[in-house]
Every structure is written in C-alpha cells, then in structure tokens.
Amino acid sequence: MNGPVFLSVVVPMYNEEEVIETTYRRLTTALDPIGETYELVFVNDGSRDNTAKIVRRIGAEDPRVKMVDFSRNFGHQIAVTAGMDYSSGRVVALIDADLQDPPELIPEMIAKWREGYDVIYGQRIARKGESFFKKWTAAMFYRLLRSMTSVSIPVDTGDFRLMDRKVCDALSSMREQSRFIRGMVSWAGFRQTALEYVREERFAGETKYPLRKMIRLSLDAITSFSTKPLKFAGVLGFAMSAIGFIYLLVVIFQHIFTNTTLKGWTSMVVISLLFHGITLMLLGVLGEYIGRTYEEAKRRPLYLVADRLNFEDDPGEDGREARPSAAAQGKNVSKEPIGAGHRS
Ligand code: UDP
Ligand code: MG
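Undergrad: Please give an account of the layout of surface pockets that cites residues and values.
TA: Taken as a whole, the largest pocket spans an internal volume of roughly 840 Å³. Forming the walls of the largest pocket are 42 residues, and the residues nearest its centre are K134, R199, T207, Y209 and M214. Taken together, the elements giving at least two residues each to the lining of the largest pocket come down to strand 1 (7-13), helix 3 (76-86), strand 5 (119-127), helix 5 (132-148), strand 6 (157-164) and helix 8 (211-225). When residues of the lining of the largest pocket are assigned to their parent elements, the largest contribution, six residues, is made by helix 8. Residues belonging to the lining of the largest pocket are distributed by class as follows: 14 nonpolar, 12 polar and 16 charged. Its boundaries defined by the atoms lining it, the second largest pocket holds a volume of some 700 Å³. If you trace the second largest pocket, you find 24 residues lining it, with F74, G75, I78, Q177 and R216 closest to the centre. Secondary-structure elements contributing two or more residues to the lining of the second largest pocket are helix 3, helix 8 and helix 10 (265-298). Tallying contributions element by element places helix 8 first for the lining of the second largest pocket, with five residues.

Next comes the structure, spelled out in structure tokens:
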C-alpha cells in the first residue's frame, strides 16, 4: 500500500495466539465501513507461542497488516510505544489484542476526532469478567494516583484511545523508560474527551498482567508523575523527630525526678522497631526514584526490533535517533532475522 494512511491501529501482543485471528477479523469488519485507508500495526512483545507466525500468515495476504517483532518481552507500555513509533496514520488508535475494548468504538472515536478533538479515550463504565480484586485494586489505584499527581489523569481509563498524529508524535518524542502512556497523554494536553464503554471479558486466554506487572505499572505511574512520596518522606521524618524530641524531654524528666527509669525496656523495643521500620520504608521510597533515575541515565533504547513485516520504508530514516530499529536492524541484516524466511 502506498501513500499516507488515514488510520493506524496499534495492537500489542504477548502470547495472544488464541485471539489474534479473531481480533484481526473484528478489526477489519469494524474498520472497512469507514471507507478510509488504514494499517494494523501489530507489535509482538516477545511472545513464546505462535502469535508472530499467525500474524505473518495474515500479513502475507493482507498488506495492511504490519508487525514489529521485538527481540524479547519488553512490556505492554513499551510495545504500545513501538507501535506508535512505527505507525504513519493521520490518526492512531491503541487497542488491546484480547478484544476487551470493542473495535466498533473506533469509528465513533474518529467521528469525535472530526469534531476537532485530538485525543478520544475510552472510559470504562463497567468491567466484565474481571475479578473483584482486580476491579478493586484498579479503582483504588486510579484514585490514589489522582490524589498524588498534579497532572489530571482521568480515572478508569486504559490505553484504549484514538489520537491525532501530533499527539502521537509528541509521545514518541518522550523517551522515558518508565512509561505510563495514559498519564503521558494527559501530560501532553491538547483537546481531550472521553467516550464511555463497557469493558468486555477477555475473549480467550489469560490476563498477561499478573499482580507483579500491575504493581510495577503502578509504581511507574506514581514515580513518573509525582514526587509526593519523597515529600511525604520528609514530612514523616519531621513528625517522627518532633515526637522523639518530646519523648526525650519526658525521659530526662523521669531520670532526674523519679526512679522509674529502668522500666522502659518495652517502650525501647517498640520505638526502635517503629523507627527502623519507617526509616527502611523511606529508604525504599528513595530507592524507587534513584533506581529509575539510574535507568534513565543509561539512555538505552526502549526496545530492540528483531524483525519487521510489511513496512516498505525504513522507519529509522527520518533521523529520529530514538528509534533503535536502525541500529538493531543494521546488526541483523547479515544474520537473516529469525523467521523472515518462511512466509507462507
Ligand atoms: N501485553 C504485552 N506485553 C506484556 C503484557 C501484555 O504486549 O508484557 C499486551 C497483551 O497481549 C494485551 C495487552 O497488552 O494485548 C493487555 O494485556 P492484558 O489483556 O493481559 O491485560 P488486562 O486487560 O488483563 O489488564
Ligand atoms: Mg485484557
């Protein structure tokens, strides 16, 4: 397909062999009636199953299907970033591979875009088929985040959204390692609006977001959008010092004017445990920030691409150094990237 496309749909995939074929069909069925050119940018985030193979098979027949194939699993937010880097549409939509977000909403989002909005994000009014624990932690998290950040990140909003090219370019220019895309979109500003929808059950397969990854995402979100935990550490330290000072006066008073001083063993243990606990916790908070600063200081590329499918021009050409593909590709040409040979 030549010429600029109107719409790019970015689909991150991690072990999604069970759903990808259906996702492709639902997407094309929803998008064909719009009557605009579009591309589907699948990003294979180091799947260990047949996801890449299936996309290659679909892509052999449909040149609108493109794929960025990572060298390993880099994580959902990074996969979405890569998809945006490689997309060329006038508008760019982000959608999960598991059909929890209805592709049928994309035409409505485009209609909103035509009204003049730059970002149209899906806001979940209900979440089906997700455990009470997941819903509850998600709800808590969005509210905690809102109370901590100065950027107003809308609640109950995932990454399902449509963006104008200029917003997409703005995000692509932000190369931080700890990425929380919905927050970065809020930070970017522009004209934003919500479109409410019901989040469906996962079509097939398991969630690829176990508690461990959710905690990581939450920490990324908080540390990249707020320094309140650090300030909180200062305030808490100050409060504890004040309490300590008052108790110091009490102890001195007791020592001089009474003879009960030796009885204090229990209170010593309690104070010691409490203060050490708090100190260690605050060190942990510091560590979260320092660790992230260290990651950023290394300035590594966000991801490495092992192979690409159906991209005719080298996406590194525009000289955006942030796209590591050129470097990664340069090293791989002689090696014949994995899987490039057998396109059925
Ligand atoms: N995903 C990914 N890399 C990962 C984990 C997930 O690309 O390391 C993709 C996954 O294939 C899906 C999307 O991110 O398209 C959202 O993941 P999932 O549906 O498992 O999360 P949940 O909806 O349960 O929060
Ligand atoms: Mg899902």
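Undergrad: Break down helix 8 for me, citing the residues and quoting the values.
TA: Taking 1.5 Å of rise per residue, the 15 residues of helix 8 would be expected to cover 21 Å, and the 21 Å separating its terminal C-alpha atoms lies within 8% of that figure. Within helix 8 the residues assigned to the buried category are M214, L217, D220, A221, I222, T223 and F225. Contact partners of the buried residues in helix 8: helix 3, helix 5, helix 7 (181-188), helix 9 (228-257) and helix 10.

Undergrad: Could you give an account of the site of ligand 1, with specific residues and numbers?
TA: Close to ligand 1 lie 19 residues, the nearest being E16, D98, Q100, T207 and K208. Backbone polar atom of Y14 to an oxygen atom of ligand 1: 2.9 Å apart, as the coordinates give it. Measuring from a nitrogen atom of ligand 1, one finds a side-chain N or O atom of D45 at 2.6 Å. Here ligand 1, which alone exposes 530 Å², has 96% of that area covered by the protein. In this structure the site holding ligand 1 corresponds to the largest pocket. Of the residues contributing to the shell around ligand 1, the split by class is five nonpolar, five polar and nine charged.

Undergrad: Before we move on, can you summarise empty space enclosed by the protein with the specific residues and values?
TA: Within the structure shown, the criterion is met by one cavity of 30 Å³ or more. For the largest cavity, the full set of lining residues is V10, P12, H76, V80, L94, I95, D96, D159 and F160. At the level of elements, strand 1, helix 3 and strand 6 are the ones that each hand at least two residues to the lining of the largest cavity. Each residue belonging to the lining of the largest cavity can be placed in one class, and the counts come to six nonpolar, one polar and two charged.

Undergrad: Account for the pairing of strand 3 (residues 65-70), with residues named and values stated.
TA: Each regular strand displays side chains that alternate between the two surfaces of the sheet. Of all six residues making up strand 3, six are buried, and the element is well covered by its neighbours. Here strand 3 shows no split at all, with V65, M67 and D69 on one side and K66, V68 and F70 on the other all buried. Pairing between strand 2 (residues 38-44) and strand 3: five bridges, direction parallel. The residue of strand 3 that forms the bridge with N44 is D69. Between the parallel elements strand 2 and strand 3, the chain passes through helix 2 (residues 51-61) in a crossover that is right-handed.

Undergrad: Lay out unusual backbone geometry with the relevant residues and their values.
TA: Despite not being glycine, L99 shows a phi value in the positive range, around 65°. For L99, the position within the fold is in the loop between strand 4 (91-94) and helix 4 (106-114). Residue R299 is not a glycine yet carries a positive backbone phi of 55°. By secondary structure assignment, the location of R299 is in the loop between helix 10 and strand 8 (305-309).

Undergrad: Account for the nonpolar core, with residues named and values stated.
TA: With 41 residues, the main nonpolar core has F70, M84 and Y303 as its most contacted residues. Counting residues per element, this core draws most heavily on helix 3, which supplies six residues. What M84 contacts, discounting residues up to four positions off in sequence, is V10, V92, L94, M163, C168, L171, S172 and I181.

What counts as what
The residue numbering used here restarts from 1 in each chain and proceeds along that chain's sequence as written. Written order determines the labels here, with chains lettered from A and ligands numbered from 1. A pLDDT threshold of at least 70 governs which residues receive local features in this predicted model, and a stricter bar of 80 or more applies before side-chain atom pairs are shown or counted, although totals over entire chains, interfaces and linings include all residues. Hydrogens and water are ignored here; the side-chain numbers use all heavy atoms of the structure. Think of a 1 Å grid over just the protein atoms. A cavity is a set of points where a 1.4 Å probe fits yet cannot get out, a pocket is an open set with protein on both sides within 12 Å along at least five of seven lines, and lining residues have an atom within 4 Å of a point. Grid points are joined across faces, edges and corners, and a volume is the space filled by probe spheres set on the points. Secondary structure elements follow DSSP: runs of H or I of four or more residues count as helices, runs of E of two or more count as strands, with numbering from the N terminus. Under the scheme applied here, ten amino acids are nonpolar (Ala, Val, Leu, Ile, Met, Phe, Trp, Tyr, Cys and Pro), four are charged (Asp, Glu, Lys and Arg), and all others, including Gly, are polar. Here the expected length of a helix is defined as 1.5 Å per residue gap, with one fewer gap than residues. Each residue is placed in one exposure class: buried if its accessible area under a 1.4 Å probe, protein chains only, is under 20% of its type's maximum, exposed if it is over 50%, and partly exposed if it falls in between. By the convention used here, residues are in contact when the closest approach between their heavy atoms is within 4.5 Å. Nearness is judged by heavy atoms alone; a residue qualifies as near a molecule or strand once a single heavy atom is within 4 Å of it. Each polar contact in these results corresponds to two N or O atoms within 3.5 Å; when the atoms are within protein, one needs to be able to donate a hydrogen and the other to accept it, and residues that are neighboring in sequence are counted only if both atoms are side-chain atoms. Residue-level accessible areas treat just the shown protein chains as cover; the underlying method is Shrake-Rupley with a 1.4 Å probe. For a molecule to be placed in a cavity or pocket, more than half of its atoms must lie within 2 Å of the grid points of that cavity or pocket. Strands were regarded as paired on the criterion that DSSP finds at least two bridges between them. With the strands pointing away from the viewer, any crossover whose connection runs clockwise from the first strand over the helix to the second is right-handed. Only buried residues count toward a nonpolar core. Its members are Ala, Val, Leu, Ile, Met, Phe, Trp, Tyr and Cys residues joined through side-chain atoms within 4.5 Å.

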